[in-house]
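Listed below are the residues making up each chain.
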Protein chains: 2
Amino acid sequence: MERVIIDMDEVIADPMGEMINWYRGEFGREVDYSKMTSGSWVKGFPEEHQTLILERLMSPGFFRHLPVMQDSVDVLKEMNKSYEIFIVSAAVEFPNSLKDKLDWLLEYFPFFTWRQLVLCGDKRMINGDHMIDDHPRNLVHFPGKKYLYHTPHNISVTEYQRLHDWKEAAEIFL
Amino acid sequence: MERVIIDMDEVIADPMGEMINWYRGEFGREVDYSKMTSGSWVKGFPEEHQTLILERLMSPGFFRHLPVMQDSVDVLKEMNKSYEIFIVSAAVEFPNSLKDKLDWLLEYFPFFTWRQLVLCGDKRMINGDHMIDDHPRNLVHFPGKKYLYHTPHNISVTEYQRLHDWKEAAEIFL
């Protein structure tokens with residue numbers, strides 16, 4: 001069974017979308033997507049509010065009720081039958097997110113078990129046949145086939161096969 | 001730089017020793033080491049108390065103040081200069097331990113960073129040149145060199161090179 005390594009944030013969970021909705025409601029302002037291309041969506045928020053955004057990211061509970069990326073549940077439910085799937089999140093940078101991410105995964109993707117979650121700081125020791133991730137820094141060391149999951153902060157990256165959404169993933173993997 | 005994957009519990013942290021000391025104080029009874037050889041040190045406790053032991057293992061805070069394995073700090077401080085070290089713990093089974101384990105590592109091994117911790121359910125996707133672990137089930141899939149860290153629950157295992165203590169690890173790695 002081939003092993004597929006799948007990232008969490010911006011791939012199956014949508015912290016950026018959640019934060020933008022909250023910010024709009026709280027401040028009535030929009031983000032600037034063109035400023036995210038350095039690799040971080042936080043940079044798309046007005047500079048004077050980036051500390052606030054980071055604090056909210058770090059706070060307990062933020063990752064517990066994030067929206068799910070469209071079609072990810074249906075496609076992964078099928079993929080889970082014919083691939084060895086691991087959800088690998090570089091979450092250790094956000095200590096309060098660790099238990100939240102486990103609880104979130106088991107609630108929204110109830111066909112996964114706790115054995116399929118990996119919470120790390122760096123992904124260079126992760127081995128598998130395929131990796132889907134939105135960060136080139138996570139793909140670069142991976143020994144298998146690499147897919148860049150499309151998101152505003154990576155639009156200028158050209159090195160990897162791009163996955164635009166989970167329907168496209170289904171075409172490739174199912 | 002060669003990558004060394006190091007387990008946490010029973011290798012650099014001592015949850016079994018902590019539990020035995022607590023149990024002795026609480027119940028005035030000893031564990032039976034010969035019953036641990038199925039691969040779990042919990043089996044060494046009297047059967048009527050194993051649920052209690054598991055509950056204590058699952059409770060928030062248990063992993064936050066565990067004793068450190070003898071010489072592990074000094075040896076790993078040196079190894080961290082000439083190897084790429086990752087501490088990989090199959091901790092997702094114990095959701096309340098996740099943040100505790102990060103805080104514990106950064107307190108007792110302050111030369112490590114959060115980037116060097118991996119919290120997973122299963123270790124089969126971990127890649128590296130060397131792995132030190134007390135569980136044969138974690139070593140079996142590892143592609144590199146394997147070392148079984150000596151502990152009462154694995155004394156009957158003969159397949160792997162055994163590391164008796166961190167002084168022996170220093171002789172091999174330093």
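Residues numbered from 1 in each chain as written. Chains lettered and ligands numbered in written order. Predicted model: local features only at pLDDT ≥ 70, side-chain atom pairs only at ≥ 80, totals over all residues. Heavy atoms only, no water.

Undergrad: Which residues make up the nonpolar core, and what values go with them?
TA: Counting 93 residues, the largest nonpolar core has A:Ile6, A:Ile12, A:Trp166, B:Ile6, B:Ile12 and B:Trp166 as the members making the most contacts within it. In contact with B:Ile6, other than residues within four places in its own chain, are B:Val11, B:Ile12, B:Leu76, B:Met79, B:Ile85, B:Phe86, B:Ile87, B:Val88, B:Ile132 and B:Trp166. Listed in part, the 26 residues of the second largest apolar core include A:Phe142, A:Leu148, B:Met125 and B:Val157. (Core = buried A, V, L, I, M, F, W, Y, C linked by side-chain atoms within 4.5 Å. Buried < 20%, exposed > 50% of the residue type's maximum accessible area, 1.4 Å probe, protein only. Contact = heavy atoms within 4.5 Å.)

Undergrad: An account of the packing of aromatic side chains is requested, with residue identities and associated values reported.
TA: In the structure shown here, the tally under the stated rule is 28 aromatic pairs over all chains. Feature note: the residues A:Trp22, A:Tyr23, A:Phe27, A:Trp41 and A:Phe45 constitute an aromatic cluster, connected by ring pairs. (Phe/Tyr/Trp six-rings, centres within 6.5 Å; stacked < 30°, edge-to-face > 60°.)

Undergrad: Kindly report on the pattern of salt bridges, identifying the contributing residues and their values.
TA: Residue and element names in this part refer to chain A. Counting across every chain of the model gives 26 salt bridges over all chains. Between Arg3 and Glu84 there is a salt bridge, with the nearest N and O atoms lying 2.6 Å from each other. Placement of the pair is Arg3 in strand S1 (residues 3-6) and Glu84 in strand S2 (residues 84-89), with a sequence separation of 81 residues. Where Arg124 meets Asp122, a salt bridge forms, and the shortest distance between an N and an O atom there is 3.2 Å. (Salt bridge = Lys/Arg side-chain N within 4 Å of Asp/Glu carboxyl O. Helix = DSSP H or I, 4+ residues; strand = E, 2+ residues; numbered from the N terminus.)

Undergrad: Outline helix H4 (residues 97-108) of chain A, listing residues and values.
TA: With twelve residues, H4(A) extends 16 Å from end C-alpha to end C-alpha; this agrees with the ideal 16 Å at 1.5 Å per step. Along H4(A), the residues classified as buried are A:Ser97, A:Leu98, A:Asp100, A:Lys101, A:Leu102, A:Trp104 and A:Leu105. The elements touched by buried residues of H4(A) are S2 and strand S3 (117-120) of chain A together with helix H4 (97-108) and strand S3 (117-120) of chain B. (Expected span 1.5 Å × (residues − 1).)

Undergrad: An account of the relation of the copies chain B and chain A is requested, with residue identities and associated values reported.
TA: Note on the copies: chain B fits chain A at an RMSD of 0.0 Å, the axial shift is 0.0 Å, and the rotation between them is 180°. Both chain copies can therefore be described as sitting about a two-fold axis. Residue by residue, 100% of the interface of chain B is reproduced at the interface of chain A, so both copies engage with the same surface. (Least-squares fit on C-alpha atoms with pLDDT ≥ 70 in both.)

Undergrad: Quick one: what's the story with the sheet that holds S3(A), residue by residue and with numbers?
TA: An order of S6(A)-S5(A)-S4(A)-S1(A)-S2(A)-S3(A)-S3(B)-S2(B)-S1(B)-S4(B)-S5(B)-S6(B) is seen for the twelve strands of this open sheet, with the pairing classed as mixed. Two strands bound the open sheet, and with one partner strand each, they are strand S6 (161-163) of chain A together with strand S6 (161-163) of chain B. The average angle at which neighbouring strand axes cross in this sheet is 25°, direction not considered. Relative to strand S4 (residues 130-133) of chain B, strand S1 (residues 3-6) of chain B runs parallel, the two sharing three bridges. Each bridged residue has a counterpart across the sheet, and for B:Val4 the counterpart in S4(B) is B:His130. Here helix H6 (residues 166-173) of chain A sits on the sheet and contacts S1, strand S4 (130-133), strand S5 (145-149) and S6 of chain A; the angle it forms with S6(A), its principal contact strand, is near 120°. Packed on one face of the sheet, H4(B) meets S3 of chain A together with strand S2 (84-89) and S3 of chain B and runs near 160° to S3(B). (Pairing = 2+ DSSP bridges. Axes fitted to C-alpha atoms, helices over the stretch in contact; angles between N-to-C directions.)

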